[in-house]
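Read off the chains here:
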Amino acid sequence: MSVRHALLALLSEGPKYGLQLRDEFEARTGEVWPLNVGQVYTTLQRLERDGLVESEGADEGPQKAFQITESGAAELADWLRTPPDLSSPPRDELVMKVLVAIRLPGTDVPALIQEHRRYLVQLMQEWTRIREGGAEGDLNLALAVDAELFRLDSVVRWLDAVDARLKRAAAEGHVQPARAPLPKQRRHLGVRG
Amino acid sequence: MSMLELRQVSKVYGKGAAQVHALDRVTLSVDEGAMVAVMGPSGSGKSTLLTIAGSLEEPTEGEVLVRGAELAGMSRSDKARLRRRTIGYVFQDYNLLPGLTAAENVSLPLELDGLPARKARAAGIAVLEELGLAERAGRYPDELSGGERQRVAIARAVVGERRLLLADEPSGALDSGNAEAVMRMMHEACKNGGMAAVVVTHDAQLASWADRVVFLRDGRVTDQTAPAPGPESLLTPGRPQ
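What is the right way to look at the packing of helix 1 (residues 3–11) of chain A against helix 4 (residues 70–81) of chain A in this model?
In a packed pair of helices, the relevant descriptors are the angle between the two axes and the axis-to-axis distance. Residues and elements named next belong to chain A. Put simply, helix 1 and helix 4 touch, their axes get as near as 10 Å, and they point 120° apart. Looking at the two axes, helix 1 sits oblique to helix 4. Judged by the sense of rotation from one axis to the other, the crossing of helix 1 with helix 4 is left-handed. When helix 1 is examined against helix 4, the residues His5, Leu8 and Ala9 are found in contact with a partner set consisting of Gly72, Glu75, Leu76 and Trp79. Grouping the constituent residues of the contact of helix 1 with helix 4 by class yields four nonpolar, two polar and one charged.

Honestly, the sheet that holds strand 2 (residues 53–56) of chain A in this entry has me stumped. Any pointers?
One key point about sheets: their strands pair by backbone hydrogen bonds, in either a parallel or an antiparallel sense. Residue and element names in this part refer to chain A. Pairing is antiparallel across the open sheet formed by three strands, whose spatial order is 1-3-2. Both outer strands of the open sheet, strand 1 (16–17) and strand 2, are each paired with one neighbouring strand and no more. Relative to strand 3 (residues 65–68), strand 1 is paired through two bridges, and the arrangement is antiparallel. For Lys16, the partnering residue across the bridge sits in strand 3 and is Phe66.

Looking at this structure, how should I read the interface of chain A and chain B?
It is common to give the size of an interface as the accessible area lost on bringing the parts into contact. Counting residues at the interface gives 24 residues for chain A, matched by 26 residues for chain B. Of the roughly 2300 Å² buried where chain A meets chain B, counting both sides, 52% is carbon and sulfur surface. Per-residue buried area on chain A facing chain B is highest for Gln125, Arg129 and Glu132 of chain A; these three make up 31% of the total on that side. Across the chain A-chain B interface, the total number found is five salt bridges. A salt bridge links Asp211 of chain B to Arg129 of chain A, with the shortest nitrogen-to-oxygen separation between them at 3.7 Å. The tally of links from chain A across to chain B stands at 13 residue pairs in polar contact (both at pLDDT 80 or more). Elements that contribute at least two residues to the side of chain A that touches chain B include exactly helix 6 (109–135) and helix 7 (139–171) of chain A. Among the elements that take part in the side of chain A that touches chain B, helix 6 of chain A stands out by supplying 15 residues, more than any other.

Would you mind showing me how to read the sheet that holds strand 6 (residues 87–90) of chain B here?
Residues and elements named next belong to chain B. The strand order across the open sheet formed by six strands is 6-7-8-3-9-10, and the pairing between neighbours is mixed. Every other strand in the sheet has two partners, leaving strand 6 and strand 10 (220–224) as the edge strands with one partner each. Between one strand axis and the next, the sheet turns by 20° as a mean value, whatever way the strands run. As paired strands, strand 6 and strand 7 (residues 164–168) are joined by four bridges and run parallel to one another. Across the sheet, Val90 pairs through a bridge with Ala167, a residue of strand 7.

What am I meant to see in the confidence of the model for chain A here?
Note: predicted coordinates in regions of low pLDDT should not be interpreted at a detailed level. Residue and element names in this part refer to chain A. Of all residues in chain A, 83% attain a pLDDT of 70 or more, and the chain-wide mean is 84. When the elements of chain A are averaged for pLDDT, helix 8 (residues 182–189) gives the smallest value, 47, and helix 5 (residues 93–101) the largest, 95. Under a pLDDT of 50 for its full length, residues 184–193 has, in the predicted model, 14 contacts with residues more than four places off or in other chains.

Whenever I open this one, the nonpolar core confuses me. Can you help?
Soluble globular proteins tend to pack their nonpolar side chains together in the buried interior. Core analysis: the largest hydrophobic core is formed by 62 residues, its most contacted members being Met35, Met39, Leu128, Val152, Leu165 and Met186 of chain B. With nine residues, helix 7 of chain A is the single largest residue contributor to this core. Core analysis: the second largest hydrophobic core is formed by 29 residues, Val9, Leu50, Met74 and Tyr89 of chain B among them.

Can you walk me through helix 4 (residues 117–130) of chain B in this structure?
Note that an α-helix has 3.6 residues per turn; residues three or four places apart therefore point the same way. Residue and element names in this part refer to chain B. If you check helix 4, its first and last C-alpha atoms are 20 Å apart, about what 14 residues at 1.5 Å a residue would give, namely 20 Å. Ala120, Gly124, Val127 and Leu128 are the residues of helix 4 that are buried. For helix 4, the angular spread of buried residues about the axis comes to 100°, placing them on one side. Opposite the buried face of helix 4, at more than 90 degrees from it, the exposed residues are Arg118, Lys119 and Glu130. Buried positions along helix 4 lie against helix 3 (102–112) and helix 5 (146–158). Looking at the residues trailing helix 4, positive phi occurs at Gly132, about 75°.

In this structure, what is going on with unusual backbone geometry? I would like to understand it.
The general pattern is negative phi for most residues beyond glycine and trans for most peptide bonds. Residue and element names in this part refer to chain B. Despite not being glycine, Arg67 shows a phi value in the positive range, around 50°. Relative to the helices and strands, Arg67 is located in the loop between strand 4 (61–66) and strand 5 (69–70). Of note, the phi angle at Tyr94 is positive, near 65°, even though the residue is not glycine. Along the chain, Tyr94 falls in the loop between strand 6 and helix 3.

What's the story with helix 3 (residues 37–49) of chain A in this structure? I'm lost.
Residue and element names in this part refer to chain A. Between its terminal C-alpha atoms helix 3 stretches 18 Å, which fits the 18 Å expected from 13 residues at 1.5 Å a residue. Burial in helix 3 covers these residues: Val40, Thr43, Leu44 and Leu47. The buried residues of helix 3 occupy an angular sector of 105° when projected down its axis, which confines them to one face. Those residues of helix 3 that are exposed and angled more than 90 degrees off the buried face are Gln45 and Arg49. In the core, the buried residues of helix 3 are packed alongside helix 1, helix 2 (18–28), strand 2 and strand 3. Regarding helix 3, its N-cap is Asn36, as a side-chain oxygen of that residue lies 3.1 Å from the backbone nitrogen of Gly38 further along.

Reading guide: rules and limits
- Residues numbered from 1 in each chain as written.
- Chains lettered and ligands numbered in written order.
- Predicted model: local features only at pLDDT ≥ 70, side-chain atom pairs only at ≥ 80, totals over all residues.
- Heavy atoms only, no water.
- Axes fitted to C-alpha atoms, helices over the stretch in contact; angles between N-to-C directions.
- Helix = DSSP H or I, 4+ residues; strand = E, 2+ residues; numbered from the N terminus.
- Parallel < 35°, antiparallel > 145°, perpendicular 65-115°, else oblique.
- Left-handed = near helix turned anticlockwise from the far one by under 90°.
- Contact = heavy atoms within 4.5 Å.
- Nonpolar A, V, L, I, M, F, W, Y, C, P; charged D, E, K, R; others polar.
- Pairing = 2+ DSSP bridges.
- Buried area = accessible area lost by both parts, 1.4 Å probe.
- Salt bridge = Lys/Arg side-chain N within 4 Å of Asp/Glu carboxyl O.
- Polar contact = N/O pair within 3.5 Å; in protein donor to acceptor, adjacent residues only side chain to side chain.
- pLDDT = per-residue confidence, 0-100.
- Core = buried A, V, L, I, M, F, W, Y, C linked by side-chain atoms within 4.5 Å.
- Buried < 20%, exposed > 50% of the residue type's maximum accessible area, 1.4 Å probe, protein only.
- Expected span 1.5 Å × (residues − 1).
- Arc of directions from axis to C-beta.

See the structure below:
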């Protein structure tokens, strides 16, 4: 999440104070992403240095109001249209753990996968409670919760796929997930090193 | 109070080498007001668990109790009455009768149970109103959208004095908006209507509506989520627990 551009977006509605920006940022993101005031001021200072915002008056501190400049508005429009970089897969910690687990002798991989699945489903239950409790009338919160639920759901689905794939591989005699010697597994699973 | 209890329930299909253990000593208890989701890959025994809980099938071993009464000790007619009065079923493909309107579909179980047609119809329409479907009462199933059909099926499953709602992939064929509406509806039937529900699904998003998620694998309960104390009381003030 780019705090920088979120602040530019808020300032495109008109001049605002730092504290006000923090409160509005949290409200707009359904309070899903907390933001501290220090972060807001540091970001504002950088934006000002880059000529994307300007402050009104010489006042320092909470009474200082900021407004967006023309190049700030252009930067914001540009950012909105630029797709985030999703081309290279992130170094996902859970993926790493599962890849390590299938090669580690004595590891009960299905049980390990289930532990992660349970944790994810519990998180999803919490998000669903939040949606059930208050997201109905709050579009921003509903959208942010949807995004979290879809993201977590995709991880659960991946775990389901791992489960199914390991089961199939074991049934076909390709791998013995827990005990096979290392070089053999590497050859058969074709995991990227 | 426990609305549904499975004690060491096993189900074996076939004989000898062709034997399949669909359920293996499953123990599960669902209290009044609670919604439990059963998650697992296909072939894990989810649907068998549901048909046995709903007395549509007999377990090979173990006990099934609905509202404290053991199914094995019941006569055929007692079981039929239990299925008509106490248990509501929701299936993925809705199972509405095409020749009946929404209201007629909903009131049918009450009529079959001997309630005069006029009273049954009134009760059916009342449930449809509660679920925001009053305008659809006179429509036939083929005049309804998929989401509306499933909501009518839920109305049929909760009409009258039903206490136990059993749902097999209830939103499998629906888009996410309608799926959410269906799950919300079932959760409210538990929280506000005092029902108990068991929802079988492979979908984590749907399962996350439940108070507890039970994981099934190769016919066995392998795990379940911890009861969620925080968010519910924290973020939904005023909601009956």
